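Next come the chains, spelled out residue by residue.
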Amino acid sequence: MKCLLLANESAEVLFYWTDTEFEQRVQEQYGVSQEEGERLPAFEDSINTLFAPIIISCSTMVDRLGDNYTSFSTENNHIYVLHQFEECLYIAVNGDGDETEEDLKRKIFVMKKLTEIMFGMVTFSGALLRKELRPQDTEQRNRLWKKLRSLLETYSRLRENDQSFLVEAVERLIHPTLCEQCIEFLERRLVQQINSNMDRMGEEVLHAFILVHTKLLAFYSSRNASNLYSSDLLALIILVQDLYPSKINLDETSEMAEDSLQTLEAPTPDPSAPSRVFLESKECPMPHSMYCLPLWPGITLVLLTKIPNSHVATSVCYFLEAFVKLEKRLCEGHEGAAAMRGQPSVQEQRSRLEKLIKTWAGMDIQVSGQQNFKNKAFSRSGSGFTSDLLPSCRNMKTQLCGVYRQFFAAECMGSSQRLAPHLQERALSMVQEKLMDWKDFLLVKSKRNITMEFPGLIHFIYVDRSNGQMIAPSLNVTDRTVSELGKGPLADFIKKKVWSLVATAQRYLQKGYATVTLRDGDYFYCYFLWFENETGYKLEVIDIPSSPDDGAPVGMLTCDYYRKLLRYYSKKHQNEVVKCYELFTVHLGVIPNEYILQHCSQLARKLWEPTRIPLL
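What counts, and where the lines are drawn
- Residues numbered from 1 in each chain as written.
- Predicted model: local features only at pLDDT ≥ 70, side-chain atom pairs only at ≥ 80, totals over all residues.
- Heavy atoms only, no water.
- Pairing = 2+ DSSP bridges.
- Helix = DSSP H or I, 4+ residues; strand = E, 2+ residues; numbered from the N terminus.
- Axes fitted to C-alpha atoms, helices over the stretch in contact; angles between N-to-C directions.
- Contact = heavy atoms within 4.5 Å.
- Buried < 20%, exposed > 50% of the residue type's maximum accessible area, 1.4 Å probe, protein only.
- Arc of directions from axis to C-beta.
- Expected span 1.5 Å × (residues − 1).
- Core = buried A, V, L, I, M, F, W, Y, C linked by side-chain atoms within 4.5 Å.
- Parallel < 35°, antiparallel > 145°, perpendicular 65-115°, else oblique.
- Left-handed = near helix turned anticlockwise from the far one by under 90°.
- Nonpolar A, V, L, I, M, F, W, Y, C, P; charged D, E, K, R; others polar.
- pLDDT = per-residue confidence, 0-100.
- Patch = residues over 30% accessible without salt bridge, like charges linked within 9 Å, V, L, I, M, F, W, Y side chains within 5 Å.
- Areas by Shrake-Rupley, 256 points an atom, 1.4 Å probe, with all protein chains shown as cover.
- Salt bridge = Lys/Arg side-chain N within 4 Å of Asp/Glu carboxyl O.
- Lys, Arg positive; Asp, Glu negative; His and termini not counted.
- Charge placed at Lys NZ, Arg CZ, Asp CG, Glu CD.

Turning to the sheet that holds strand β5 (residues 88-94), a few remarks are in order. Spatially, five strands are ordered β2-β1-β5-β4-β3 in an open sheet, and the strand pairing comes out antiparallel. Edge strands, defined here as strands with exactly one partner in the open sheet, are β2 (13-18) and β3 (71-73). Taking the axes of each pair of neighbouring strands and ignoring which way they run, one obtains an average angle of 15° across the sheet. Bridge count for strand β4 (residues 79-85) against β5 is seven bridges, and the pairing is antiparallel. Paired with Ile79 across the bridge in β5 is Asn94. Helix α1 (residues 20-30) rests against β1 (2-8), β2 and β5 of the sheet, and its axis sits at about 115° to β2. Packed on one face of the sheet, helix α5 (residues 138-161) meets β1 and β2 and runs near 45° to β2.

In structure tokens, the structure reads:
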């Protein structure tokens, strides 16, 4: 009984996803016709009818009270979680008890992240986001919604089964020699050859990385590239897993025996067709082309390229930010010179905007409404920088987002705007040749990444939050798959304990606790968060600020909590680089507390060195 829905202020559904149980319940409630060709539109009408009162009541509360409710439960124990992002309302529902309010809130924030990855700055405008999510062409809309639903289901699968998505950090394959060889290969051979080839059609490879299922083998960024944040890398792994989903099974008749890995059967997408993705940067969401090239089942090469005209995004973002600041100050009651405080001079802004619009006009990109804004803001007969300028200011924001959309929307990607197929094939064959002797080892290594050496220690997860990476022993729960914890019911039991520990620790972290120790029957849980400088010297403990109840969940994918935490801590250590680490452990309860704490300290020291491998 699950559902996720996006709607605008007009109570129009922009996207929805339901599981089979929720769909059946709605059909029973509204008597949806089962005739082929009528079922889908009829069901969408029923969804509109079901959620319209909630959406309208939310809009009314925002208009009259400037506030909204964030969650409620019904008599039949259905939980509703709501969150407003600009003009868009997200609603997540659970009726089977499988998800908590925090789970639903996380799902909403992940869905927001996925829309940002797919549409970039278009998400800043409700009107334009509506055009993206609800294309007039029904077939196009069905394809888009199918893609979004598949991404959401892929995320849910990874969140339920993959430790890296449990703690929202990238898991590395631990093999320093091979990792360094692959990084050097990506830099000196692969990326260099592609970027020097004339058939790259104006594109430039900025990032290249190799994944073994969801684990990162090697990562290279060119000198011209902006930093690729861990939140974006995790989102890209979701996209890769959606294209090439993998599942780990055991085939006892194979040569690899208990370590064999098989890939789920899935329709093979066209590897030569890139996806348009928008990645976070200091300036704005920057457009990239993403090429997912499957080397073998379970092993993928990913290339992220800079596209022609990407500099336009920076210009658009500069003025969009200026209009956002102006709108904010006008809404706060500032007028005249006070409305422009903290920004370049009025004449400078005006001159730069006019030059930019002329440049766009030469590229057949029209910006309407700018003359109206200029007349009101700058002419003697205009009102100047007063509240009367707000409608024109908001219109200019929409126009700028529209320019961004015209340049970079996925539908604008022509078949000629991509790396030549023979160039992609060459890249694929080069990496296959490099890793041919390693492929079986890598697939096994992805399930035997690291082992435990401390008596009584059942499981641990170590996270370097400074670079968004984690290390943990494998957790396999199928009846035929063996891991460090055994197989089948035992591993599944421990897995539930680990998932429970992480959820508990994150709840306490939101309240400002950096250390948690608790006993659960025969098991003892520990959680630690601490800070160090670059040399490994542990820095003093501080009071961590608690998060508001309606704030983003703790994590890196949803809204980078740890980046904000590092900025907060670094204010007191401005002359040194501050690192942040986490350690989750599960011990047998019979182990004395002093030994448990000693294990945790030794484990953290042992794992400190491998994190220095320059993967990111």
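All right, on to helix α16 (residues 561-570) then. For α16, the set of buried residues is Tyr561, Tyr562, Leu565, Leu566 and Tyr569. Angularly, the buried residues of α16 cover 130° about the axis, an arc narrow enough to put them on a single face. Taken together, the buried residues of α16 touch α15 (489-510), β17 (523-533) and β18 (578-588).

Between the first and last C-alpha of helix α12 (residues 390-408) there are 27 Å, a value that for 19 residues agrees with the 27 Å anticipated at 1.5 Å per step. Burial within α12 is extensive, with 14 of its 19 residues counted as buried.

Right, let's talk about the nonpolar core for a bit. Counting residues in hydrophobic clusters, the biggest one holds 105 residues, and the most contacted among them are Phe51, Ile91 and Trp360. Counting 37 residues, the second largest nonpolar core, distinct from the first, contains Leu475, Ala514, Tyr523 and Leu529.

Summarising burial for β4: six of the seven residues are buried, a large majority. Two strands pair when backbone bridges link them, and β3 and β4 are joined in this way by three bridges, in the antiparallel orientation. What sits directly across from Ser71, in β4, is Val81. Between β3 and β4, which follow one another and run antiparallel, lie five residues, and Asn77 among them has a positive phi close to 65°. Between β4 and β5, which pair antiparallel and follow one another directly, the connecting turn spans two residues, one of which, Glu86, has a positive phi of 55°.

Take the packing of helix α3 (residues 101-119) against α5 next. Direction vectors running N to C along α3 and α5 enclose 130°, while the axes themselves pass 11 Å from each other. On the basis of their axis angle, the class for α3 and α5 is oblique. The chirality of how α3 crosses α5 is right-handed. Facing Arg106, Lys107, Val110, Met111, Leu114, Met118 and Phe119 of α3, the residues of α5 in contact are Leu144, Lys147, Leu148, Leu151, Leu152, Tyr155, Ser156 and Arg159. When grouped by side-chain class, the residues that make up the contact of α3 with α5 number 10 nonpolar, one polar and four charged.

Before going further, it helps to spend a moment on the confidence of the model for the protein. Averaged over every residue, the pLDDT of the protein is 84; residues scoring 70 or more account for 84%. The model gives residues 249-255 a pLDDT under 50, and that stretch makes 15 contacts with residues more than four places away or in other chains. The model gives residues 610-616 a pLDDT under 50, and that stretch makes 26 contacts with residues more than four places away or in other chains.

Below, the discussion takes up a negative patch on the surface. On the surface, a cluster of negative charge is contributed by Glu9, Asp63, Glu86 and Glu87. You can see Asp63 is positioned in helix α2 (residues 39-65). Among the residues examined, Asp63 registers a relative accessible area of 67% and is labelled exposed.

Judged by pairing direction, the sheet is antiparallel, and its five strands sit side by side in the order β8-β7-β13-β12-β11 without closing on themselves. Both outer strands of the open sheet, β8 (215-221) and β11 (275-279), are each paired with one neighbouring strand and no more. Averaged over all pairs of adjacent strands, the angle between their axes in this sheet comes to 30°, without regard to strand direction.

So, about the pairing of strand β13 (residues 299-306). Judged by how many residues are buried, β13 sits mostly within the fold: seven of eight residues are covered. The sheet contact formed by strand β7 (residues 204-212) and β13 spans eight bridges and is antiparallel. Each bridged residue has a counterpart across the sheet, and for Leu211 the counterpart in β13 is Thr300. Both strand β12 (residues 286-296) and β13 contribute to a ladder of eight bridges, which runs antiparallel. When the sheet's bridge partners are listed, Met290 is paired in β13 with Leu304. In this structure, the hairpin formed by β12 and β13 is closed by a connection of two residues, where Gly298 is found at a positive phi of approximately 95°.

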